[in-house]
Amino acid sequence: MFALTFLGTSASVPSAERNHPALLVEAAGKRILVDCGEGTQRQLLRSGAGFRRLDRILLTHAHLDHVLGIPGLFSTLGLRQTSDLMTIHGGEGTLDLVIRMLAGLWGAGRAPIPVKFAPLTEGEVLDAGDFTISCFPVRHRDTDSFGFCFQSPARRHLLSDRLAAFGVPDGPMRGELAAGRSVVIDDRTINPEDVLGPPSGGKKLVVIGDTETTEGLSQYVADADMLVIEATFLDRDASTARDYGHLTAAEAASFAAANKVGQLMLTHMSGRYEDDEILAEAARIFPSSRIAADFDHIVI
């Protein structure tokens, strides 16, 4: 499963209710930030998530509302004397901006904590065993932008009635069968297919930051259990959305519907609209739409 904590859900200008963009994703004991807008460290504290086991940041792109929280977070982690290596993933241009930003504060090649910069190219970012992260290119103005797909594999579970029928006792033999290896009981070979049920339980989460179009993204988003994507404008302002490289709520909802997404979480909210307006536009097209708010915690 994946647990999401929305730490910042505003567009480029924060409000009293919404901080700059940041999302915490937790899975299989790992905790990963997607973007790190200004004030993210305080949002981590306010949400109750804190800083423990936080060692990876995925950056969608280099615009300042998505990266300016990194120096503050690093400073706090340094004061807490954490020795964990922080890995920052981003496009080459995005990482260049972050490296120069940190060098301006602490000097070239220096930071309050150990840090590794990992340039993104389309494909696998991390194989954590229980889940994988892959990335794909996204078009947003003049940036080298990326979206991210978190995926846990479907697993086959042992069927208790089949185990009993074949006389498989509790213990190591069941572990062997679960791992896909045959066992022998009283000169009889029992194969995994004899006692395993159908695949189930796989989950897919797709997170897309700022994007000016959904063209070409269906192959990455199709059948996701949840899609997190921006909806900065309403359809009545579609021409302005094009000028600034963003989506409308209607476009995000149409994209989710076309790709059979389970749930749509809209974020990157603009203060020019009321949440009810945005949700109404999206829900007319895709009823399983929701507006993300700061500190929302969702498990899929």
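Please refer to the structure placed before this passage.
The model shown is predicted, which means the values in this text are computed figures rather than measured ones. (Residues numbered from 1 in each chain as written. Predicted model: local features only at pLDDT ≥ 70, side-chain atom pairs only at ≥ 80, totals over all residues. Heavy atoms only, no water.)

Trainee: When you look at empty space enclosed by the protein in this model, what are you seeing that I'm missing?
Mentor: Any space left empty among the atoms is revealed by the rolling of a water-sized probe across them. Applying the stated criterion across every chain yields a total of one cavity of 30 Å³ or more. Approximately 170 Å³ is the volume found for the largest cavity. Residue lining of the largest cavity: 19 residues in total, with Pro21, Asp35, Ile208, Gly209 and Thr267 positioned closest to the centre. Going through the elements one at a time, strand S1 (3-8), strand S2 (22-27) and strand S13 (226-230) are the ones with two or more residues in the lining of the largest cavity. Along the lines of polarity and charge, the residues of the lining of the largest cavity split into eight nonpolar, eight polar and three charged. (1 Å grid on protein atoms, 1.4 Å probe; cavity = no way out; pocket = protein on both sides within 12 Å on 5 of 7 lines; lining within 4 Å. Points joined across faces, edges and corners; volume = space filled by probe spheres on them. Helix = DSSP H or I, 4+ residues; strand = E, 2+ residues; numbered from the N terminus. Nonpolar A, V, L, I, M, F, W, Y, C, P; charged D, E, K, R; others polar.)

Trainee: Help me understand the nonpolar core in this model?
Mentor: Buried together is how nonpolar side chains tend to be arranged in soluble globular proteins. Core analysis: the largest hydrophobic core is formed by 30 residues, its most contacted members being Ile208, Leu227, Ile229, Leu266 and Ile278. Contributions of two or more residues to this core are made by strand S8 (132-138), helix H7 (218-221), S13, helix H9 (249-258), strand S14 (263-267) and helix H10 (275-285). Looking at this core element by element, the count peaks at five residues for H9. In this structure leucine 227 touches Val206, Ile208, Val221, Phe255, Ala256, Val261, Gln263, Leu264 and Met265, once residues within four positions along its chain are discounted. (Core = buried A, V, L, I, M, F, W, Y, C linked by side-chain atoms within 4.5 Å. Buried < 20%, exposed > 50% of the residue type's maximum accessible area, 1.4 Å probe, protein only. Contact = heavy atoms within 4.5 Å.)

Trainee: Help me understand the pairing of S1, please; the structure alone is not making it clear to me.
Mentor: Moving residue by residue along a regular strand, the side chains alternate between the two faces of the sheet. Of all six residues in S1, six are buried, a share of seventy percent or more. Relative to strand S16 (residues 297-299), S1 runs antiparallel, the two sharing three bridges. Opposite leucine 4, over in S16, you have isoleucine 298 as the bridge partner. In this sheet, S2 lies alongside S1 in antiparallel orientation, the contact comprising five bridges. Counted as the bridge partner of phenylalanine 6 is leucine 23 from S2. (Pairing = 2+ DSSP bridges.)

Trainee: Hey, could you run me through the pattern of salt bridges in this one?
Mentor: Oppositely charged side chains can form a pair if their charged atoms are brought close together. Taken as a whole and assessed by the stated rule, the structure comprises eleven salt bridges. The partner of glutamate 277 in a salt bridge is arginine 236, with the nearest N and O atoms 3.3 Å apart. Of this pair, glutamate 277 sits in helix H10 while arginine 236 sits in the loop between S13 and helix H8 (238-244), and the two are 41 residues apart along the sequence. On the basis of relative accessibility, which here comes to 29%, the residue glutamate 277 falls in the partly exposed class. A salt bridge links aspartate 296 to arginine 290, with the nearest nitrogen and oxygen atoms 3.6 Å apart. The exposure class assigned to aspartate 296 is buried, which follows from its relative accessible area of 16%. (Salt bridge = Lys/Arg side-chain N within 4 Å of Asp/Glu carboxyl O.)

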